[in-house]
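Examination of the molecular architecture
Now for the letters of each chain:
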Amino acid sequence: MAKPKIATTSLAGCFGCHMSLLDIDERILKLIELVDFDKSPVDDIKEFTGRCAVGLIEGGCANEDNVHVLQEFRKHCDILVAVGDCAIMGDIPAMRNNIPLKECLDEAYLNGPSTYNPEKIIPNDKELPLCLNRVYPCHEVVKIDYSLPGCPPNADILWQALVALLTNKPLELPYELIKYD
Amino acid sequence: MSEIQAEVKKICQTCGNDRAKMMDIVRAVQQKFGQVSSEAMNLIAKCVGCHRVEVESVVSFYAFLSKKPKGKVVIRLCNDVVDKMAGVDAIAEAFKKELGIDFGRTTPDGKISLEYTPCIGMCDQAPAAIINDEVITYLSTDKVKEIVADIKKHYDPSKLKHRLGDGNNADELVHSCVHNGLRKKGQVIFADYKSEAGLKNALAVSPVEVINVVKTARLRGRGGAGFPTGIKWQFTRAAAGEKKYILCNGDEGEPGTFKDRVILTERADMLFEGMTIAGYAIGAENGILYLRGEYNYLRKLLEKILQNRRDKNLLGKNILGKQGFNFDITIQVGAGAYICGEETALISSCEGLRGDPKTRPPFPAQKGYLECPTAVNNVETLCCVTRILEMGAAWFAESGSKGSPGTKLLSVSGDCKLPGVYELPFGVKVKDLLKDVGAQDAQAVLIGGPSGQIIGQNDYNRTICYDDLATGGAVVVFGPERNMIDIAAQYMEFFVEESCGYCTPCRVGNVLLKKYLDKILAGKGEPEDLDILQKLGESIKLTSRCGMGQTSPNPVLTTLKNFRKNYESKVKKVSDGMQPTFDIRAALADGEAIAKRKSVIFTK
Amino acid sequence: MSDQITFTIDGVSIKGKPGQTILQAADEAGIYIPRLCYHPELAPHGSCRVCTVLVNGKPQAACTQPISEGMTVENDTPELKEHRCNIIDMLFIEGNHFCMFCEKSGNCELQAVAYRLGILAPKFSYLFPKKDVDATHPDIFLDLNRCILCGRCVEASKNVDGKGAFEFVGRSIEKKIAVNAEANLKDTNLAVTDKAADVCPVGTINKKRTAFAVPIGKRLYDKKPIGSEIEERKK
Ligand SMILES: Cc1cc2nc3c(=O)[nH]c(=O)nc-3n(C[C@H](O)[C@H](O)[C@H](O)COP(=O)(O)O)c2cc1C
Ligand code: SF4
Ligand code: SF4
Ligand code: SF4
C-alpha cells in the first residue's frame, strides 16, 4: 500500500514551526516510514503532485499569494491543520490588523526610525504579491480541521498530533503540550 | 473664575455637592454646555469629593451624556425595529440631506448633532425622534424639511411648531404632539376611579394589613418579571434598616413598550397614590420615580402633580392626618440606558453611578438604594395597588385569569391597523388580540419585547398571562412580508449596544450572535451556524449576570425555534472547503489601490 | 445558628462556614471551580462568569453565591465545561492576545484556564479591536489589548490602596479600564508597591523591568494546571 502523503507550507510565518517539525529529531526517520512528503519546503517540491492526507499550514494570510497557496492546500489535502499561533490567529503579523495598510507600508518603508530610503520607494514590483488589508487567520479563509497552538508548537505536540491523524486515532494531547507561546 | 468653573460649581451646589446626585449634576452640565468636558469632570470631582475617573465612568455610560461637544440641538432619531418598518430609513436620509451631515456627527457650525437612539416609546406613532426634550412623531420627509428649517431659525426645539396631542399632552407643561393612543380602557388602570380612596383605605389599617390586601389580590409585577408585589413588600418591610425606599421603575426601555408613557401622562396621580401606599406599607419616607431620559418632556407635569399632592397633604408630613406617616416623592431622570430598567441597575443610576446591575445577593429588599431596604416596582404595578386598595382584593381577582389576576396594559405596534395601548384582562388569546388590533394576517408576534418571545401562527391560541406568554407590555406585530431573521438581527443590535458590558457572555456573546445572523443574512450561512447560534445563545442565557443577558438571546432562540424553515432555507452546506465569508475582493481593495495594479492571481 | 453548613458539589459532601461563598467553601475543601475574575483577597466582582455552577439546578456564579444548608451544586459537568469554554473563547477574541511576546505568558490566569480546559484555538474569529497601551508611568505599563475587565485593579486601588486609580468607562463591547487622570497613568498616584499593581490576572498591568525573569518550564502554569494548588488541599 502506498504511503499517505503530507504537504507543508509557510505562509505569513517565520519558518519557526517548520524548524519545530524538524526538531522531532530521530523520529523524522519514523515519520518518513509513515508518510511521503509532497509539496513542502522540506523537500522543495513546489507544486502538488497528487492528493495528500494531511496539510500542515504555518502562518496566516498576509498577501494574495498566501491566500492562493492556502486554497490550493485545501483543495489537495484531506485534513488541514493550522500549525502555530500565526496560522491560528495571525499573531505578530496580525498586530497590524487595526492599522490601515497605507500607514503600515509608510511606517515600514518611509517613516520608520531605522529606515534609510532616500528615494522614498515602496517596493511594488509586479512579481510581488499584493498585501491584504489585514492578516487573516487561516480559518477565516478556508475550513481548518485541527489547530495546534504554540509559537512555535513544540516538536512533541506536532509529532503526537501527526501520528494520531495518520493512524486515525483521536487527538488527545497532554497538558504540558498545549502552549500558546 | 471662568464661566465653566462658575457654572459647574453652581450646579454642584444646587445638588448639595452630593456624590449621589451625580446624575442630576452631569445632566445639568450636559444641558448647559452640550458636553461634560474633561475640565468639567475635574471640577465636578472636586465639588462632590470623588475621583475624576468616577465622573468619566458615569458620563461614558449614558447615551445622552458625552465628553465630546455636541450641538445645542441634538436630534435623536429612533431606529427601533418598528420605526424601521415605518420607513425610518427615508427619514434618516432626509435628515442627512437637510443637515448635510451623517449620523453621529455635528454640523460644522457646532449647532446641530444627529444621532440614532433605540426605542423611545413612540412605536405607535413611528417614525419618531426626540429633539433635545421635544418628541416629534409621525415623521415624514416633508416634516423633516420643515423641522430643520424651523430649527435653523432659532436653535430652540421648544419653539418647534406642531399640533398638540390629546389629553395631558396638550397641557401647557407638556406641550407635545404625542398621542396617548389609548385604544381600550379596562377595569383597573383606565377605568373611572375615586382618587385617594385607596390611600385613605390604606391609612385606615396597619401597614401589614395593606400588604396582606396586596397579597390576597395576588398582584404580580407588571414590569416583566412578575414577582408577587405583596411578598416583595413584606421582605422590604421586614428587612433591618432605619430608612427604606420605594422606587418606581419608569424606565420603560423594552423596545415596543410604551404603556407607562400613557400612565405617566394620564394617571400620574394614581401612580403617586400607589407609591404613597407602598411607602406606608413598607415603612418608607421617600419614594423616587425613575423617569427615563426620553420621557423628560413629562417631567414638568409630573413635578406639578407632585406639588399639588404636597399642597393637599397627600405627600409630606402626617399625610391625611395620619400621625407619623411622612412620605415624599422625588424624580430621578435617566440619560439613555436600557439596562437602567433592570432594578439593581436602576438603583445604581439613582445613586449617581454607572448603570451597572449590582451583585445579588443582597437583594434590593435587603440592601438597595444607598444600602437601605428598597422595593422597586413598575409604574403599572403601583397603579394596580391604588385600585386594589380602593376596591378590594376580591374585586381585583375577579378579572384576569387564574394565575394572573387583573388587567394588563399592552402596547401594540408594528404591522397592524390599530396600534396603541390596550387594557385587557390577563388570559386574552393572541388570536383575539390580533383581531382587535387589525392584524389577522400576522406572520409573527413579538410578545414581551425582544427579551420575550417571537411566536408564529402555531402559537396564536396561546394566552397572554404569567403562566403562558408573559409580557411587560410589548406586543409587536410582523406582517407576512417581514424577514424574521433580519428582525432578530436588528434586535440583537439593540442588545449589543445596550449591554452594560459588565459580564463576558452578554458583552461579547451578543456581538457574536449578531455576527452569525449577519452572515446568514448575507447568504453565507452554513447549517452548522444554526447549531452555533443555539449553543452560544444557551451559554449566554445560562451564564449572564443579570436579566438582560439571561434574555438577550431570545430573538435568536425563539426565531430559531418558531421560524426554523426561514433559517434552513437561507443556509447552504459548503462542499469546497472554502470559507464563504472570506471576500478576496474586499481583502485586496486597499492593496490594489495602493499598488495601483490589479491582482493577477485573483482576477474575478 | 449552626457554625457549619453541609452541602454537596458533584455529589461530594462539603462542610463550609456561614457567610462563605460556594467558591470559598470549595477552595477550602480542595475542589477547583474554574474562575478568572475572583481574587481571594478582594471582594468578588462576578463578571467573568467562568465559575458558573448549577445550584439546585439554577445557574449561579460560585464566587458570589453564599452557601446554604443542603444545597446541591453541579460543577464538573460536560455542559458547564462547554459554557466555560465559550466564555474563555469570548475573552480571547474580544482582545488581542499575542501570548508569544506577552510578559505574563506562563503566569497568566486566562491562558492557564484555557490550557486546563484543553482549548487549542478559540472557535470564534478574532475581533481585532483597537486598544490602547500606556507606558508613561516610570514603573508600570498598561496594555489594554489583554484586559479581561475583571475589576481586580479597580477594587484593589479603591478599597485596598485607597486611591481609586482605575475605573471602568464606556459600556457594551467598548467598555474599558481608564485611569484617574486626564489621559495618562503617570498622572495618577499609582505606585508600583500598590495592591492594584499586583493583582491583574493577565498581562495588562505589568511592572516594568520584571518581564521574562523566569525561564520557560519554570513558570507557574508550565507543568501543573491552574487549580492544582487547590486540589492538592484535598487529602
Ligand atoms: C434589562 C432589563 C430591563 C428592564 N426594564 C424594565 C423597565 O423598563 N421597566 C420595568 O418596570 N421593569 C423593567 N425590568 C424589570 C425590573 O428589573 C424589575 O423586575 C421590575 O421593575 C420590578 O417591578 P414589578 O415587580 O412591579 O414588575 C427590566 C429588567 C431587565 C433585566
Ligand atoms: S448580563 Fe451582564 S453585561 Fe449584560 S447587562 Fe447584565 S450585567 Fe451587564
Ligand atoms: S494576557 Fe495571557 S492570554 Fe493574553 S496574551 Fe498575555 S499570556 Fe496570552
Ligand atoms: S487591567 Fe487587569 S486587573 Fe484590571 S480589569 Fe483589566 S484584567 Fe482586570
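Fair warning: this is a prediction, and the values are worked out from it, not measured in the lab. (Residues numbered from 1 in each chain as written. Chains lettered and ligands numbered in written order. Predicted model: local features only at pLDDT ≥ 70, side-chain atom pairs only at ≥ 80, totals over all residues. Heavy atoms only, no water.)

Details of the packing of aromatic side chains
Going through the model one piece at a time under the given rule, you end up with 18 aromatic pairs over all chains. Summarising the aromatic geometry, the rings of Phe61(B) and Tyr62(B) are spaced 5.1 Å apart at their centres and angled 70° between planes, so their arrangement reads as edge-to-face. With respect to class, Phe61(B) is no different from Tyr62(B); both count as buried. Put simply, the rings of Tyr175(A), Tyr180(A), Phe92(C) and Tyr115(C) pair up and form one aromatic cluster. Note that Arg134(A) overlies the ring of Tyr136(A), its terminal NZ or CZ placed 4.1 Å from the centroid. The ring of Tyr155(B) carries the charged tip of Lys111(B) above its face, separated from the ring centre by 4.8 Å. (Phe/Tyr/Trp six-rings, centres within 6.5 Å; stacked < 30°, edge-to-face > 60°. Buried < 20%, exposed > 50% of the residue type's maximum accessible area, 1.4 Å probe, protein only. Lys NZ or Arg CZ within 6 Å of the ring centre and 35° of its normal.)

Some thoughts on the site of ligand 1
Residue and element names in this part refer to chain B. Taken together, 20 residues sit near ligand 1, with Gly223, Asn249, Glu252, Asn378 and Thr381 positioned nearest. Gly223 is positioned with one of its backbone polar atoms (N or O) 2.7 Å from an oxygen atom of ligand 1. The separation between an oxygen atom of ligand 1 and a polar main-chain atom of Gly253 is 3.2 Å. In the complex, 90% of the free accessible area of ligand 1, which totals 610 Å², lies under the protein chains. Counting only elements with at least two residues in the shell around ligand 1, the list comes to strand S10 (374-378) and helix H21 (547-551). No other element matches S10, which puts 3 residues into the shell around ligand 1. Tallied by class, residues from the shell around ligand 1 come to 5 nonpolar, 9 polar and 6 charged. (Near = heavy atom within 4 Å. Polar contact = N/O pair within 3.5 Å; in protein donor to acceptor, adjacent residues only side chain to side chain. Areas by Shrake-Rupley, 256 points an atom, 1.4 Å probe, with all protein chains shown as cover. Helix = DSSP H or I, 4+ residues; strand = E, 2+ residues; numbered from the N terminus. Nonpolar A, V, L, I, M, F, W, Y, C, P; charged D, E, K, R; others polar.)

Examining the nonpolar core
Ranked by size, the top nonpolar core spans 263 residues in total, and within it Ile44(B) and Phe166(C) carry the most contacts. Discounting residues that sit within four places of it in the chain, Phe166(C) has contacts with Val53(B), Leu142(C), Cys153(C), Val154(C), Ser157(C), Ile177(C), Ala178(C), Val179(C), Leu185(C), Leu190(C), Ala196(C) and Ile205(C). The next biggest cluster of nonpolar side chains, apart from the first, holds 23 residues, and it includes Leu77(B), Ala94(B), Ala129(B) and Tyr155(B). (Core = buried A, V, L, I, M, F, W, Y, C linked by side-chain atoms within 4.5 Å. Contact = heavy atoms within 4.5 Å.)

Some details on the sheet that holds strand S2 (residues 12-16) of chain C
All names here are of chain C. If you walk across this open sheet you meet the 5 strands as S2-S1-S5-S3-S4, and the pairing is mixed. Two strands lie at the open edges of the sheet, namely S2 and strand S4 (58-61), each paired on one side alone. Strand-to-strand twist of the sheet, defined as the mean angle between neighbouring strand axes without regard to direction, takes the value 35°. Examined bridge by bridge, strand S1 (residues 5-9) and S2 share 5 bridges and lie antiparallel to one another. Considered in S2, the bridge of Phe7 is made with Ile14. (Pairing = 2+ DSSP bridges. Axes fitted to C-alpha atoms, helices over the stretch in contact; angles between N-to-C directions.)

Details of a nonpolar patch on the surface
Nonpolar side chains collect at one region of the surface, where Phe15(A), Met19(A), Leu22(A) and Val42(A) lie side by side and expose about 370 Å² of accessible area between them. For Phe15(A), the location among the structural elements is in the loop between strand S1 (5-10) and helix H1 (16-22). (Patch = residues over 30% accessible without salt bridge, like charges linked within 9 Å, V, L, I, M, F, W, Y side chains within 5 Å. Salt bridge = Lys/Arg side-chain N within 4 Å of Asp/Glu carboxyl O.)

Overview of the interface of chain C and chain B
Between chain C and chain B, the contact holds 42 residues from the first and 47 residues from the second. Roughly 3,400 Å² of surface becomes buried between chain C and chain B when both sides are summed, with 58% attributable to carbon and sulfur atoms. Among the residues of chain C in contact with chain B, Met90(C), Arg171(C) and Glu182(C) are the three that bury the most area, contributing 21% of the side total. Summed over the shared surface of chain C and chain B, the number is 3 salt bridges. Ionic pairing is found between Glu498(B) and Arg171(C), a salt bridge with its closest N-O pair at 3.3 Å. Put simply, chain C and chain B have 23 residue pairs in polar contact (both at pLDDT 80 or more) between them. For the side of chain C that touches chain B, the secondary structure elements donating two or more residues are strand S3 (52-55), helix H2 (78-93), strand S8 (166-169) and strand S9 (176-179) of chain C. Take the side of chain C that touches chain B: its biggest share by element is 8 residues, from H2(C). Residues that form the side of chain C that touches chain B fall into these classes: 20 nonpolar, 13 polar and 9 charged. (Buried area = accessible area lost by both parts, 1.4 Å probe.)

Digging into the packing of helix H12 (residues 268-282) of chain B against helix H13 (residues 299-311) of chain B
Packed helices, taken two at a time, are described by the angle between their axes plus the distance between the axes. Residues and elements named next belong to chain B. Packing of H12 against H13 leaves a shortest axis separation of 10 Å and a crossing angle of 55°. Viewed along their axes, H12 and H13 adopt a mutual orientation that is oblique. Seen from above, H12 lies across H13 with right-handed handedness. Residues Ala268, Asp269, Phe272, Glu273 and Thr276 of H12 pack against Leu302, Ile305, Leu306 and Arg309 of H13. Residue composition of the contact of H12 with H13, by class: 5 nonpolar, 1 polar and 3 charged. (Parallel < 35°, antiparallel > 145°, perpendicular 65-115°, else oblique. Left-handed = near helix turned anticlockwise from the far one by under 90°.)

Considerations on the interface of chain A and chain B
Frequently, the measure chosen for interface size is the accessible area removed from exposure when the parts meet. Counting from both sides, the interface comprises 24 residues of chain A and, opposite them, 24 residues of chain B. When chain A packs against chain B, the two sides together hide about 1,900 Å² of surface, and 63% of this comes from carbon and sulfur. Among the residues chain A hides against chain B, the three largest losses belong to Glu64(A), Leu130(A) and Lys143(A). Together they make up 32% of the total. Where chain A packs against chain B, one counts 1 salt bridge. Close ionic contact of Lys143(A) with Glu526(B) constitutes a salt bridge, the shortest N to O distance being 2.4 Å. At the boundary of chain A and chain B, one finds 11 residue pairs in polar contact (both at pLDDT 80 or more). Contributions of two or more residues to the side of chain A that touches chain B are made by helix H3 (64-76), helix H6 (101-111) and strand S6 (131-136) of chain A. No other element matches the 7 residues that H3(A) contributes to the side of chain A that touches chain B. By residue class, the composition of the side of chain A that touches chain B is 10 nonpolar, 5 polar and 9 charged.

Notes on the sheet that holds strand S3 (residues 112-117) of chain B
All names here are of chain B. Pairing is mixed in the open sheet, where 5 strands are placed in the order S2-S3-S1-S4-S5. For this open sheet the edge positions go to strand S2 (105-106) and strand S5 (134-136), each flanked by a neighbour on one side alone. Bridge analysis of S2 against S3 gives 2 bridges, and the strand direction is antiparallel. Directly across from Thr106, in S3, lies its bridge partner Ser113. Against the sheet, helix H6 (residues 88-99) engages strand S1 (73-78) and S3, with an angle of about 160° to S1.

As for the pairing of S3(C)
Residue and element names in this part refer to chain C. A two-sided burial pattern is seen for S3, the buried positions comprising Thr52 and Leu54 on one face and Val53 and Val55 on the other. As paired elements, S3 and S4 share 4 bridges and run antiparallel to each other. Looking across to S4, one finds that Val53 is bridged to Gln60. Hairpin connection between S3 and S4: a loop of 2 residues separates the two successive antiparallel strands, and Asn56 in this loop has a positive phi of roughly 45°. Pairing analysis gives 2 bridges linking S3 to strand S5 (residues 72-74), with the strands arranged antiparallel.

A few points about the pattern of salt bridges
The final tally for this structure, using the stated rule, is 68 salt bridges over all chains. One network of salt bridges, in which partners are shared, links Lys143(A), Lys519(B), Glu526(B) and Asp529(B).

A closer look at the state of the cysteines
Residue and element names in this part refer to chain B. If you walk through the whole model with that rule in mind, you get 0 disulfides over all chains. Free of any disulfide, Cys15 has its nearest neighbouring cysteine sulfur in Cys12, separated by 7.0 Å. Here Cys340 stays unpaired: no disulfide links it, and the sulfur of Cys350, its closest cysteine neighbor, is 8.5 Å away. (Disulfide = S-S within 2.5 Å.)

A look at unusual backbone geometry
A cis amide bond, omega -5°, links Cys151(A) with the succeeding residue Pro152(A). As for its placement among the helices and strands, Pro152(A) is situated in the loop between strand S7 (146-148) and helix H7 (155-166). You will see that Glu196(B), though not glycine, has its phi angle at about 70°, which is positive. A positive phi angle, close to 45°, is found at Phe128(C), a residue other than glycine. Of note, Phe128(C) is situated in the loop between helix H3 (109-116) and strand S6 (133-134). Taking the relative accessible area as the measure of exposure, Phe128(C) reaches 8% and is therefore buried.

On their own, these measurements won't tell you what the molecule is for.
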